[in-house]
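Examination of the molecular architecture
The lines below spell out each chain.
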Amino acid sequence: MASNDSEPQRPPTASADAPVIGITTYLERAQTGVWDVPASFLPKVYLDAVTDAGGIAVLLPPQPVDAPLARRVLASLDGLVVAGGADVDPARYGQPAHERTGAPRVDRDDWEDALLTAAIDDGVPFLGICRGAQMLNVALGGTLHQHLPDVVGSEAYQPAPAVFGETTVRVAPGSRLAGLVGEAEALPVHVYHHQALDRVADGLVVTARSDDGVIEAVELPAAPFGVAVQWHPEENARDRRLFAGLVEAARAHRAARERAAAAPPAASVPASAAPAASVAPERTAP
């Protein structure tokens, strides 16, 4: 079904000290007015999801990247959302492309891989959505099912172009995800994916599956907040629990970073002022 949830009452504008959440974007050809040009593009529902939860949203379009640049970008953010989008290049996980796999978007793959790696290394809270969950798994060494209908025999996860399907997922008790959305036996979600996680990367834990066994969420226990879902929580305007969890974790991350920056540096003791090491007296034979 297409997403048609009515929008809730818009909350007040986020305060100036709200956490800043970067959201990765598409780089697509776009038409507006007389222009037809490549442009950074992201559905507005992602921005609404972050601002509804009390965060400040900024866009992160694909661009040339290396590890130091990615860390610099993350140093200016309090949290990260890796958004949905095109298929991850199967060459990244050592497979030839399936006939239904989309053309590679190497620029976006490189960009998001570097951002996720920097977020994990530096403890920046992150939320992966659809492609974002797949990118996380691939970045950490996992693989994907390239065409889910070959596995489950159904188009239910992507019923038609621009039409979201609905399914239910079962969330693992005691997981961080369960702490955000509860442990209901059947959580209804919006889905739009023809690929899914296959071999799960080391370090990731599966925290939700659909009734036919498709992995619908993973998390990284080693991260302060590292959650990734295969469904599209931004499409449910009445449910902002995942984004609220990310914003809360981002606020805590920023506070910890500010405390560390404000702490006085450890005083260094000149070598001449250091106490001399005690030397045991030499023993003599009796």
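Everything discussed here concerns the structure shown above.
Procedures and definitions
- Residues numbered from 1 in each chain as written.
- Predicted model: local features only at pLDDT ≥ 70, side-chain atom pairs only at ≥ 80, totals over all residues.
- Heavy atoms only, no water.
- Salt bridge = Lys/Arg side-chain N within 4 Å of Asp/Glu carboxyl O.
- Helix = DSSP H or I, 4+ residues; strand = E, 2+ residues; numbered from the N terminus.
- Buried < 20%, exposed > 50% of the residue type's maximum accessible area, 1.4 Å probe, protein only.
- Phe/Tyr/Trp six-rings, centres within 6.5 Å; stacked < 30°, edge-to-face > 60°.
- Lys NZ or Arg CZ within 6 Å of the ring centre and 35° of its normal.

Quick word on the pattern of salt bridges
- In total, this model carries 14 salt bridges according to the counting rule given.
- We note a salt bridge from R240 to D52, for which the minimum N-O separation is 3.3 Å. Placement of R240 in the loop between β13 (226–229) and α7 (241–262) and of D52 in helix α1 (residues 44–52) is noted, with a sequence separation of 188 residues between them.
- Judged by its relative accessible area of 14%, R240 falls in the buried class.
- With relative accessibility at 18%, the residue D52 sits in the buried group.

Some points on the packing of aromatic side chains
- Tallying each qualifying case throughout the model produces two aromatic pairs.
- An angle of 55 degrees between the planes, with centres 5.3 Å apart, marks the rings of Y26 and F41 as tilted. Remark: F41 occurs in strand β3 (residues 35–41) and Y26 occurs in strand β2 (residues 26–32); sequence separation between them is 15 residues.
- Judged by its relative accessible area of 17%, Y26 is buried.
- Residue F41 is classed as partly exposed on the basis of its relative accessible area, which comes to 41%.
- Both rings, one in F164 and one in Y192, keep their centres 5.6 Å apart while their planes meet at 55 degrees; by these two values the pair is tilted. With a gap of 28 residues between them, F164 in the loop between α5 (149–152) and β8 (165–171) and Y192 in the loop between β9 (187–191) and β10 (196–197) connect regions that are remote in the sequence.
- Its relative accessible area of 14% is what places F164 among the buried residues.
- With relative accessibility at 24%, the residue Y192 sits in the partly exposed group.
- If you follow R108 out to its NZ or CZ, it ends over the ring of Y26, 5.2 Å from the centre.

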